[in-house]
Structure formats: structure tokens, C-alpha cells
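Coordinate inspection notes
Read off the chains here:
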Amino acid sequence: MEYIAVLAPSVVVGLLFWFAMKSIFNADKRERQAEARAQHEAGLGNSASTDAGPTPAK
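Residues numbered from 1 in each chain as written. Predicted model: local features only at pLDDT ≥ 70, side-chain atom pairs only at ≥ 80, totals over all residues. Heavy atoms only, no water.

**Some thoughts on the overall build of the protein chain**
The line we're drawing: Helix and strand assignments come from DSSP, with helices taken as H or I runs of at least 4 residues and strands as E runs of at least 2, each series counted from the N terminus. The buried label applies to any residue whose accessible area, calculated with a 1.4 Å probe on protein chains only, is under 20% of its type's maximum; exposed applies above 50%, and partly exposed to all values in between. Accessible surface area values rest on a Shrake-Rupley calculation with a 1.4 Å probe, where residue burial reflects the displayed protein chains alone.
In terms of helices and strands, the protein chain carries 1 helix and 0 strands. Evaluated residue by residue, the protein chain yields a buried proportion of 0% over its 58 residues. With the model as given, the accessible surface of the protein chain reaches about 5,500 Å², and the carbon-plus-sulfur share is 66%.

Encoded structure:
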């Protein structure tokens, strides 16, 4: 029983560290996905306006 009392604090701190790192990495992944989505939409907006080609000269 004393082994559990000795190891419990380390296990708890390890689990807290693991959850903190997991949340940081998940937030980073969501941020990268949002940035890629925004760049993709911005790229589509630019290419849609340039697909029409130059306006004919009169």
C-alpha cells in the first residue's frame, strides 16, 4: 500500500502533463486547419476573379 502512496503523486502529475500537452497539440492542429482553410478560401477567391481573363479593349 505504501508503494501506491509513493507513486500516486508522480502518476497524477504525469497525467496532468499528458492532458495539458494533448490539449496544446489539439489546439495547434485546429489552428493549422483553420489557417489552411482560410488560405484555401482566399486562393479560390483570387483565382475566381482572375479566371474571367483580361477585359477586352474597346
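After that view, the rundown keeps rolling.
**Concerning the packing of aromatic side chains**
Using the following cut-off: Note on ring pairs: Phe, Tyr and Trp rings are taken, using the six-membered ring of Trp, and paired if centres are within 6.5 Å. Classes follow the plane angle, with under 30 degrees stacked, over 60 edge-to-face and the rest tilted.
Summed over all chains, the structure comprises 1 aromatic pair. Each ring, one from W18 and one from F19, has its centre 4.9 Å from the other, and the planes form 65 degrees; the classification is edge-to-face. You can call W18 partly exposed: its relative accessible area is 46%.

**Overview of the pattern of salt bridges**
We apply this condition: The salt bridge definition used is simple: a Lys or Arg side-chain nitrogen within 4 Å of an Asp or Glu carboxyl oxygen.
Within the structure shown, the criterion is met by 1 salt bridge. A salt bridge links R32 to D28, with the nearest nitrogen and oxygen atoms 3.0 Å apart. In this pair, R32 and D28 both sit in helix α1 (residues 2-50), 4 residues apart, roughly one turn of the helix. For D28, a relative accessible area of 35% gives the class partly exposed.

**Focus on a nonpolar patch on the surface**
Quick reminder of the rule: Residues with no salt bridge and a relative accessible area higher than 30% make up the patches, which join like charges within 9 Å and nonpolar side chains (Val, Leu, Ile, Met, Phe, Trp, Tyr) within 5 Å.
A cluster of nonpolar side chains, Y3, V6, L7, V11, L15, W18 and F19, forms an exposed patch at the surface whose accessible area comes to about 800 Å². Classification of V11 as partly exposed rests on a relative accessible area of 48%.

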